[in-house]
Amino acid sequence: MRIDVITCLPELLESPFNHSILKRAQTKGLVEVAVHNLREYSTNKHRAVDDYAFGGGAGMVLQIEPIARCIEFLKSERSYDEVIYMTPDGQTLQQGMANELSLKKNLIILCGHYKGVDERVREHFITREISIGDYVLSGGELAAAVLADSLIRLLPGVLNDETSALSDSFQDDLLAPPVYTRPADYNGMKVPDVLLSGHAGKIEEWRHEKAVERTEARRPDIMKKHKGE
Ligand code: 6GU
């Protein structure tokens, strides 16, 4: 998979892509991530990429020209499965969407900023608009990092234990069960005996039971989906 991120704040994406699992995935050649500074596609002498909104109102709007130049340059290099725009009024990211997008080959992710982007960008270049939840962030960069992380960790070979993405919360419409590590007894706070029993079948059963309990208590909406209601 290759992900091209277009942003006017590339610094915001340096850290998330350069540590831990996302870094390892790139080093192993399982994903290629390229961050593009929108300013480099500006033809303006001050390298500006935004301007005042027609009709007035507070806030600057990202202009179509630098975005179009950047996207057209990328498209001249390879073809893309999706051109995604990160925006709070997009479709909310869910595990199913992450699963689906993780199967794509080449993705462009455009980060919105300020008051948003010129509507013509959305009409002519964007194939998909994604939000990461019902709250407003200052820009799309953190949201793009969240989306990219959710996809990259699903790529074969990225996680050490290949089965571990399958046991994630949401992957089977259940939240994940509780986990414990050493010590088995911390000041009288004990780890459930079954986990120390070495009995794989009983442990699996216990985990499923706890996952169901937790999902019923915290996310009855997900529980309904799990039961197929
Ligand atoms: Cl994708 N962008 C911004 N600015 N805020 C958000 C978001 C995206 N998703 C949730 N809130």
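Residues numbered from 1 in each chain as written. Predicted model: local features only at pLDDT ≥ 70, side-chain atom pairs only at ≥ 80, totals over all residues. Heavy atoms only, no water.

A. Examining unusual backbone geometry more closely. Here the bond from Arg182 into Pro183 is cis, since omega is 5°, no more than 30 degrees from zero. By the element assignment, Pro183 lies in the loop between helix 6 (141-152) and strand 8 (185-186). Even without glycine at this site, Ser20 takes up a positive phi of about 55°. Looking at the secondary structure, you find Ser20 in helix 2 (residues 20-27). Residues other than glycine seldom take positive phi values, yet Arg47 does so here, at roughly 60°. Here Arg47 lies in the loop between strand 2 (32-37) and strand 3 (50-52). (Helix = DSSP H or I, 4+ residues; strand = E, 2+ residues; numbered from the N terminus.)

B. Quick look at the site of the ligand. Taken together, the residues surrounding the ligand are Met86, Thr87, Pro88, Ile130, Ser131, Ile132, Gly133, Tyr135, Val136, Leu137, Gly139 and Ala143. Ile132 places a polar main-chain atom, nitrogen or oxygen, 2.9 Å from a nitrogen atom of the ligand. Within the backbone of Tyr135, one N or O atom sits 2.5 Å away from a nitrogen atom of the ligand. For the ligand, the protein covers 96% of the area, taking 290 Å² as the surface of the free molecule. Split by residue class, the shell around the ligand holds 8 nonpolar, 4 polar and no charged. (Near = heavy atom within 4 Å. Polar contact = N/O pair within 3.5 Å; in protein donor to acceptor, adjacent residues only side chain to side chain. Areas by Shrake-Rupley, 256 points an atom, 1.4 Å probe, with all protein chains shown as cover. Nonpolar A, V, L, I, M, F, W, Y, C, P; charged D, E, K, R; others polar.)

C. Geometry of helix 3 (residues 64-77). Compared with an ideal rise of 1.5 Å per residue, which puts 14 residues at 20 Å, helix 3 spans 20 Å between its outermost C-alpha atoms and is within 8% of the ideal. On its buried face, helix 3 sits against strand 1 (2-7), strand 2, strand 4 (60-62), strand 5 (82-92), strand 6 (106-111) and helix 5 (119-124). (Expected span 1.5 Å × (residues − 1). Contact = heavy atoms within 4.5 Å.)

D. Structural context of the pattern of salt bridges. Evaluation of the coordinates by the stated rule reveals 15 salt bridges. Residue Arg153 pairs with Asp168 through a salt bridge whose shortest N-O separation is 2.5 Å. On the criterion of sequence distance, the pair formed by Arg153 in the loop between helix 6 and strand 8 and Asp168 in the loop between helix 6 and strand 8 is long-range, its members being 15 residues apart. Of the charged contacts in the structure, one is a salt bridge between Lys210 and Glu213, with a shortest N-O distance of 3.4 Å. On the criterion of helical spacing, the pair formed by Lys210 and Glu213 is a turn pair, its members being 3 residues apart in helix 8 (residues 200-218). Of the residues examined, Lys210 reaches a relative accessible area of 22% and is grouped as partly exposed. (Salt bridge = Lys/Arg side-chain N within 4 Å of Asp/Glu carboxyl O. Buried < 20%, exposed > 50% of the residue type's maximum accessible area, 1.4 Å probe, protein only.)

E. Structural detail: the sheet that holds strand 2. Ordered by their spatial adjacency, 5 strands build an open sheet running 2-1-6-5-7, and the pairing between neighbours is parallel. Each of the sheet's edge strands pairs with one partner strand only, and the pair in question is strand 2 and strand 7 (128-131). Averaged over all adjacent pairs, the angle separating strand axes in this sheet is 30°, with direction ignored. Pairing of strand 5 with strand 6 involves 5 bridges; the strand directions are parallel. (Pairing = 2+ DSSP bridges. Axes fitted to C-alpha atoms, helices over the stretch in contact; angles between N-to-C directions.)

F. Quick look at the nonpolar core. One finds Ile3, Val31, Met86, Ile130, Leu147 and Ile152 to be the most contacted residues of the largest nonpolar core, which totals 32 residues. Listed by contribution, the elements that provide at least two residues to this core are strand 1, helix 1 (11-17), helix 2, strand 5, helix 4 (95-101), strand 6 and helix 6. Element by element, the count of residues in this core is highest for helix 6, at 7 residues. Those residues in contact with Ile130, other than ones at most four positions away along the chain, are Ile84, Tyr85, Met86, Thr87, Gly90, Gln91, Leu93, Met97, Leu101 and Leu147. In terms of nonpolar packing, the next biggest core, distinct from the first, is built from 20 residues, Ile6, Ala68, Ile71 and Val121 among them. (Core = buried A, V, L, I, M, F, W, Y, C linked by side-chain atoms within 4.5 Å.)

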